[in-house]
Amino acid sequence: MKIPPDIHERVADLAAEIVNAGQSGDRRTSWSLYEELRSYCEAVAAAGRDHPFLWETLADFTGDDQTAIALYQRALPLAVAAGANEYTASIHLALAERYSNLDAAEAAHEHALQADAFARTSDDLPLRKAISQFLLDHSQRGEQE
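A brief report on the enclosed structure follows. (Residues numbered from 1 in each chain as written. Predicted model: local features only at pLDDT ≥ 70, side-chain atom pairs only at ≥ 80, totals over all residues. Heavy atoms only, no water.)

Points about the layout of surface pockets
Moving on, step 1. Here the second largest pocket is characterised by a volume of approximately 180 Å³.
Moving on, step 2. Taken together, Ile18, Gly22, Arg27, Ser30, Trp31, Tyr34, Phe61, Thr62, Gly63 and Asp64 make up the full set of residues lining the second largest pocket.
Moving on, step 3. Elements with a contribution of two residues or more to the lining of the second largest pocket: α1 (5–23) and α2 (27–46).
Moving on, step 4. With four residues, α2 is the largest single contributor of residues to the lining of the second largest pocket.
Moving on, step 5. Its residues assigned to classes, the lining of the second largest pocket shows four nonpolar, four polar and two charged. (1 Å grid on protein atoms, 1.4 Å probe; cavity = no way out; pocket = protein on both sides within 12 Å on 5 of 7 lines; lining within 4 Å. Points joined across faces, edges and corners; volume = space filled by probe spheres on them. Helix = DSSP H or I, 4+ residues; strand = E, 2+ residues; numbered from the N terminus. Nonpolar A, V, L, I, M, F, W, Y, C, P; charged D, E, K, R; others polar.)

Looking at the pattern of salt bridges
Moving on, step 1. On inspection of all chains with the given rule, the structure shows six salt bridges.
Moving on, step 2. Across the pair Arg38 and Glu35 runs a salt bridge whose closest N-O atoms are separated by 2.9 Å. Of this pair, Arg38 and Glu35 are both found in helix α2, three residues apart, which corresponds to roughly one turn of the helix.
Moving on, step 3. The partly exposed category is assigned to Arg38, whose relative accessible area is 32%.
Moving on, step 4. With a shortest N-O distance of 3.1 Å, Arg98 and Asp65 are connected by a salt bridge. Taken together, the residues Arg98 in helix α5 (residues 85–101) and Asp65 in helix α4 (residues 65–81) connect sequence positions 33 residues apart. The same class applies to Arg98 and to Asp65, which are both buried. (Salt bridge = Lys/Arg side-chain N within 4 Å of Asp/Glu carboxyl O. Buried < 20%, exposed > 50% of the residue type's maximum accessible area, 1.4 Å probe, protein only.)

Topic: the packing of aromatic side chains
Moving on, step 1. Under the criterion given, the structure shown has one aromatic pair.
Moving on, step 2. Between the aromatic rings of Trp31 and Tyr34, the centroid separation amounts to 5.5 Å while the plane-to-plane angle is 20 degrees, which identifies the pairing as stacked. With Trp31 and Tyr34 both in helix α2 and three residues apart, this pair spans about one turn of that helix.
Moving on, step 3. Residue placement shows Arg74 over the ring face of Trp55; its charged tip is 3.7 Å from the ring centre. (Phe/Tyr/Trp six-rings, centres within 6.5 Å; stacked < 30°, edge-to-face > 60°. Lys NZ or Arg CZ within 6 Å of the ring centre and 35° of its normal.)

Let's talk about the environment of Ala75
Moving on, step 1. Its location among the elements puts Ala75 in helix α4.
Moving on, step 2. Note: C-alpha distance between Ala75 and Leu58 (17 residues apart in sequence) is 10.0 Å.
Moving on, step 3. Beyond its immediate chain neighbours, meaning those up to four positions away, Ala75 contacts Pro52, Trp55, Glu56 and Ile91. (Contact = heavy atoms within 4.5 Å.)

Considerations on the packing of helix α3 (residues 52–60) against α5
Moving on, step 1. Interaxial distance between α3 and α5 falls to 11 Å at its minimum, and their mutual angle equals 25 degrees. Taken together, the axis directions place α3 and α5 in an arrangement best described as roughly parallel. Here the hand of the crossing between α3 and α5 comes out left-handed. Touching Pro52, Phe53, Glu56, Ala59 and Asp60 of α3 are Tyr87, Ser90, Ile91 and Arg98, all from α5.
Moving on, step 2. The residue inventory of the contact of α3 with α5, partitioned by class, reads five nonpolar, one polar and three charged. (Axes fitted to C-alpha atoms, helices over the stretch in contact; angles between N-to-C directions. Parallel < 35°, antiparallel > 145°, perpendicular 65-115°, else oblique. Left-handed = near helix turned anticlockwise from the far one by under 90°.)

See below:
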């Protein structure tokens, strides 16, 4: 699924600025840039140019797991409708990680399985490895508990 170049450039620039501000400990700038990214995502969607990349990226920079889950769930139907299996797998993996953070093991496992199913059609080996590792790590935790 191709990301329109202007959208990719703007989101990537804001993401890099957020990372740089965070690494320098500038929380105020980091928060301001996050809000700018959120506003940009909303504006692009309102203009009829919605894309899962917008919401997945915003969710990736969202500290609150519940809020991030809502953003990933906004991205998911866009990725599915476009037949973008790599996006869909990546979003499901992110959902699995966020649900795991919330100790919602069943939801985390279900999203990891969905991620795995979509990733099997992908050539993205790092993504497939990350999903397999998540499933392995979390299946071992379940056995230990």
